[in-house]
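# Results of the structural survey
Each chain is listed here by its residues.
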Amino acid sequence: MNGPLRKRLGLVAMVLLGMYIVLGAYFAYGQLFYGNRWFARTSNPRSHFVTEDPSVVPGDILDRDGERLAYSVTETYQDESGQSHLRLIRDYNPDARAASHVVGFQDPGKGQAGAEAFYSRYLLGYNNNILESIYQKVFLHQEVGNSIALTVDLELQKDVTRIMAGRTGSAVILDAATGDVYAMVSLPNFDPQDVGNVSGDDLVNRATEGLYAPGSVMKIITAASALTNIPGIDARTWDCAGTVDVDDQTIPCYGTHAHGTIDLTQAFALSCNTTFSKIGDELGWDTLRGTARDFGFEYPFLFSDMQLTESQLPETDDLPDDRLAWTAIGQDDVLVSPMHMAMIAACVANNGVMMEPRMLMAVYNRNDRMIRKPGSRRFREVMTPAIAARLKDIMGQVVECGTGTRAAVEGLQVYGKTGTAEKRVDGKLGNNAWFVGFAEKGDKTLAIAVVIEDAGPGETGGGVAAPKAGQMLASAFERITE
Amino acid sequence: MSRTQYEILALALRYWFLLLAAYICVRAVLSLKRPPSRWRQFKSMLLLVLFTGSAFALLGYRQGGAMDIEVMLTGAAAAAALMAQFLLVWMLFRHAELDLLIVSDALLVLGIVMLERLTPDMAMRQVQWLAGGSILLGAGIITGRYLRPKKIWIWLGMAASLALLLLPFLFGEEIRGARNWVTIAGAGFQPSEFVKVGLVLILAGFFSMSERFREYLPAVLFAGLCVVMVVFQKDLGAALIYFAIFLFMQYAATGDWIVSAGALGTAGAGAVAGYFLFDHVRARVLAWRNPFAIGVEYNSGYQIVQSLIAIASGGLFGSGLGMGSPAAVPAADTDFIFSAICEEMGILMGVIIMVLFAVLVAKGIKIARRAPDAFSSLICAGAAIALGIQGFIILGGVTKLIPLTGVTLPFVSYGGSSMLASFFLLGLIEGVSMRNHRVGMMEEDDEDLEDEEEEDAE
């Protein structure tokens, strides 16, 4: 037979085998890197707790001090034919309401959420090795799952909830160096014992799923972009007349207050909108969007410890100047979650390195022996240490003599940025009041993001969010000791 | 045996199953390099029977209590059918490639075991299809060995294929969104599976007679018509398979890459047009891009999401036979049987399945390259390509590498049409292999061929 045909058949074989190699590599890669996340999906029936005659009794959820947040209670009963059955009841700490969105729930009607859903792999013992599985089947009357300890502190959750004073919104406190989540509060909260009667809106975890217009806290990103991309920005000054016209839009400072001639530090500390919209237009959309993406915007976070909603930017490659000006001060189509904002603050404190938020502190087996202790993970390096240091400087000015003075706490060095994003709900004007920042004491640095979403027209970030953030930070440094 | 004892046994036997499958898989890969002795091949077959026996024995105790005799009988029937098929091929067709048969039987055993675990009725029927498939295997061997390209059967075959593809429009039944299933006089079958075989033979006939575009133009038109007809039955998987068979065979036979590029361009344009014209195409692509997106996860992405979750739940070694929830995946016994096998027998078993398919392709094309004439070479390569591409399309679909198009996994999925067609294609390869041996004996130039092979490999 002819030679060319054989040669070409060889090529065909190569192509087909190449396709199979790609297939195998993709299969292995997907399962190794995403397998655990896929398992944690609430659409996975294997991750659901079974209440009648469960084959496995789920383990406990503890806080960082070993306080039980959720645990299993079983009762045996006999049906009409005299057969004995087991019923699983999931019980919760009486104070678990303060950590309701952290703990989450498994409810036949409302679905699954929080640690109860996300860590079901451990709670149901899917991570057990074969020896443990066989031991349990041979020697235990009833198979049990593993317990997990979370990084949150229940006492701190209670303090933060109290400080929020019933306002709708969210607060997140992170360790800037490790990404450990010490508190994650979303209000209104709910009673985990009684999920069936809670409205769907209250079940939403605002800290990770809530997307808010950032308003002036966006200036952290605009400032980082300016410090990186505009040489000599520190030597420049701007004239603020209280408003500025871009195209046919007029962008005002808060209360159209004219700040006069100011430099970058003052503009940041006083949250001068006109200056930052000018900076935004000078940077251009590509540059500003590039920096925002470095900070994690428009990125589908695939963290191993939580599901975090993607933060959004205006979806266009060609943003007109007026919209760019609004974007630079956190209006237009910018949306961000409180958790992401806390990560941004932590990144500034951590020399420009952003850490993955960490919620799972350890996994314990049925004998309370620790079988897994995940380390902290870097998410990415966002900016150089020099720029992070400069940002930290100007964030210090905000609390020292700017819009965020009410966040100051005795004995703590507090840094931050306030934000007041205007919005209109049901025809009524209102604000998202933000405070985003961090505080240092000794060698510990805690980052915080607070957002009050039902702030009235006169309530600014500096007015309502900053003082709450200060109190929360003070409490956090007291509660988190080791 | 109590349920607990069953569970312990199932957990422990995971490793045993993987070990047996891995041994057979490694032997199959090694056989690519050098043909093993008959004894080696027989040993692989015995291990396969051992696999079947131990898996069915285990499943017999699945409900707890005494062993379920029916399960054991199904297993015995499967093992006996396999052994009989192997021995018959051995004795009736000397110089058939038994390694290839072992590869496809290994896939078949994995499928039958999983079917017994999912829906015992189907396992028994699959054993019957195995028996029927063995007859088709013989028919395929004879076809591959003796068929010569003649205008008369080629044109008749074209007419018959088109007639078969018309049936679903007349008597068709819609199953999972595709109108590709026909029931005539109580017997249901899937014409597109058989047309696939016809396509391989007809294309081989045309291309072996002429390498000039003008002369093989009818083949192009025929293939194009087949693709269009299955597209209108919404059987996108079959369309993809037909197109790939045409593309690879046309390129291999003629080397005319301009026509190949033209076909690729036309198909690409058709795919893009299909994306914008048809909702069901767009839904597939969307479900592939992000099956977990809001509004997709419980909708068009449900199958693929459940498939990925099932595989992830089993981990490397699987949950143990009978201890997972593979039934949570829709169509776990047909298109998604791979996910079910992975969940209970492990990701490693999934990798073994992929390697077995790669061996099937490599071996088929290797035999094609040794064929004495273009026609034999092309039917053999065409059969290997058809099996390889179909495996790739569904394996890629359930692992989210490519958009999901529902086709069966050859030899593994439940299905009579698929089983018969797959065994016939396998028979074609075997027949050509016998022909090679016959001609090799006459010409005794095997030595030279062997040397060239080595060079190519390097």
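### Some thoughts on the overall build of chain B
Secondary structure assignment for chain B yields 17 helices and 3 strands. The C-alpha atoms of chain B give a radius of gyration of 22 Å, which matches the 23 Å a tight globule of 458 residues would have. Considered along the principal axes of its C-alpha atoms, chain B spans approximately 70 × 55 × 50 Å. Within chain B, contacts between residues separated by at least 24 positions form 74% of all contacts whose residues are at least 6 apart in sequence. Positive and negative side-chain charges of chain B, numbering 32 and 37 respectively, have mean locations separated by a distance of 3 Å.

### A short note on the overall build of chain A
In terms of helices and strands, chain A carries 16 helices and 21 strands. If one aligns the C-alpha atoms of chain A with their principal axes, the spans along those axes are about 85 × 80 × 45 Å. Taken across its 482 residues, chain A has 58% of its residues classed as buried. Residue pairs at least 24 apart in sequence account for 68% of intrachain contacts in chain A once pairs closer than 6 positions are excluded.

### Section: the pairing of strand E3 (residues 68-78) of chain A
Regular strands place their side chains on alternate faces of the sheet. All names here are of chain A. Two elements, strand E2 (residues 61-62) and E3, share 2 bridges in a ladder whose sense is antiparallel. Following the sheet pairing, Leu 62 is matched in E3 by Arg 68. From the end of E2 to the start of E3, which pair antiparallel, there are 5 residues, and Gly 66 there has a positive phi angle of about 85°. The pairing of E3 with strand E4 (residues 84-92) spans 9 bridges and is classified as antiparallel. Bridging across to E4, Ala 70 finds its partner in Tyr 92. Between E3 and E4, which pair antiparallel and follow one another directly, the connecting turn spans 5 residues, one of which, Gly 82, has a positive phi of 85°.

### Remarks on the interface of chain A and chain B
With 37 residues of chain A at the interface, the matching set in chain B holds 64 residues. Together, the buried faces of chain A and chain B total about 4,300 Å²; carbon and sulfur atoms form 71% of this surface. Taken together, the links from chain A to chain B amount to 3 salt bridges. Its salt-bridge partner being A:Arg41, residue B:Glu297 comes within 2.5 Å of it at the nearest N-O pair. At the junction of chain A with chain B, the criterion picks out 15 residue pairs in polar contact (both at pLDDT 80 or more). Within the residue set of the side of chain A that touches chain B, elements represented by two or more residues are helix H1 (3-39) and helix H5 (130-139) of chain A. At 22 residues, H1(A) tops the list of elements feeding residues into the side of chain A that touches chain B. Its residues assigned to classes, the side of chain A that touches chain B comprises 22 nonpolar, 9 polar and 6 charged.

### With respect to the environment of A:Ile134
Within the secondary structure layout, A:Ile134 lies in helix H5. Judged by relative accessible area, A:Ile134 falls into the partly exposed class, the value being 21%. Among all residues touching A:Ile134, those that are not within four sequence positions of it are B:Ile8 and B:Leu11.

### Re the confidence of the model for chain B
All names here are of chain B. Per-residue pLDDT for chain B averages 89, and the proportion of residues at 70 or more is 95%. Every residue in residues 445-458 is under pLDDT 50, and counting partners more than four places away or in other chains gives 11 contacts. Scoring of the predicted complex yields 0.87 for pTM and 0.93 for ipTM.

### Quick look at the side chain of B:Gln190
By the element assignment, B:Gln190 lies in the loop between strand E3 (187-189) and helix H7 (191-209). Among residues more than four places away in sequence, those in contact with B:Gln190 are B:Asn180, B:Trp181, B:Asp235 and B:Ser417.

### Concerning the nonpolar core
Counting 154 residues, the largest nonpolar core has B:Phe338 and B:Met349 as its most contacted members. If you tally residues by element for this core, the top one is helix H15 (residues 374-398) of chain B, at 16 residues. With residues near it in sequence (within four places) discarded, B:Met349 still touches B:Phe17, B:Leu18, B:Ala21, B:Phe51, B:Leu110 and B:Ile341. Core analysis: the next-biggest nonpolar cluster, separate from the first, contains 102 residues, A:Tyr122, A:Ile262, A:Met306 and A:Met383 among them.

### Considerations on unusual backbone geometry
Residue and element names in this part refer to chain A. Of the consecutive residues Leu 187 and Pro 188, the connecting peptide bond is found in the cis state with omega at 5°. A positive phi angle, near 50°, is found at Ala 165, a position not held by glycine. In this structure, Thr 256 takes a positive phi of about 45° despite not being glycine. Within the secondary structure, Thr 256 sits in the loop between strand E13 (249-252) and strand E14 (260-263). On the basis of relative accessible area, Thr 256 is assigned to the partly exposed category, the value being 48%.

### Thoughts on the packing of aromatic side chains
For any pair of aromatic rings, the description consists of the separation of the ring centres together with the inter-plane angle of the planes. Scanning all chains against the criterion turns up 33 aromatic pairs over all chains. When the ring of A:Tyr29 is compared with that of A:Tyr34, the centres are 5.9 Å apart and the planes differ by 85°; the resulting orientation is edge-to-face. On the basis of relative accessibility, which here comes to 39%, the residue A:Tyr29 falls in the partly exposed class. Using a relative accessible area of 25% as the deciding quantity, one classes A:Tyr34 as partly exposed. A centroid spacing of 5.6 Å and a plane angle of 85° characterise the contact between A:Phe118 and A:Tyr119, whose relative ring orientation is edge-to-face. The pair A:Phe118 / A:Tyr119 is uniform in exposure class, with both members buried. An aromatic cluster is built from A:Tyr29, A:Phe33, A:Tyr34, A:Trp38 and B:Phe292, whose rings are joined through pairwise contacts.

The rules behind each value
- Residues numbered from 1 in each chain as written.
- Chains lettered and ligands numbered in written order.
- Predicted model: local features only at pLDDT ≥ 70, side-chain atom pairs only at ≥ 80, totals over all residues.
- Heavy atoms only, no water.
- Helix = DSSP H or I, 4+ residues; strand = E, 2+ residues; numbered from the N terminus.
- Rg over C-alpha atoms; globule rule 2.2 N^0.38 Å.
- Contact = heavy atoms within 4.5 Å.
- Lys, Arg positive; Asp, Glu negative; His and termini not counted.
- Charge placed at Lys NZ, Arg CZ, Asp CG, Glu CD.
- Buried < 20%, exposed > 50% of the residue type's maximum accessible area, 1.4 Å probe, protein only.
- Pairing = 2+ DSSP bridges.
- Buried area = accessible area lost by both parts, 1.4 Å probe.
- Salt bridge = Lys/Arg side-chain N within 4 Å of Asp/Glu carboxyl O.
- Polar contact = N/O pair within 3.5 Å; in protein donor to acceptor, adjacent residues only side chain to side chain.
- Nonpolar A, V, L, I, M, F, W, Y, C, P; charged D, E, K, R; others polar.
- pLDDT = per-residue confidence, 0-100.
- Core = buried A, V, L, I, M, F, W, Y, C linked by side-chain atoms within 4.5 Å.
- Phe/Tyr/Trp six-rings, centres within 6.5 Å; stacked < 30°, edge-to-face > 60°.

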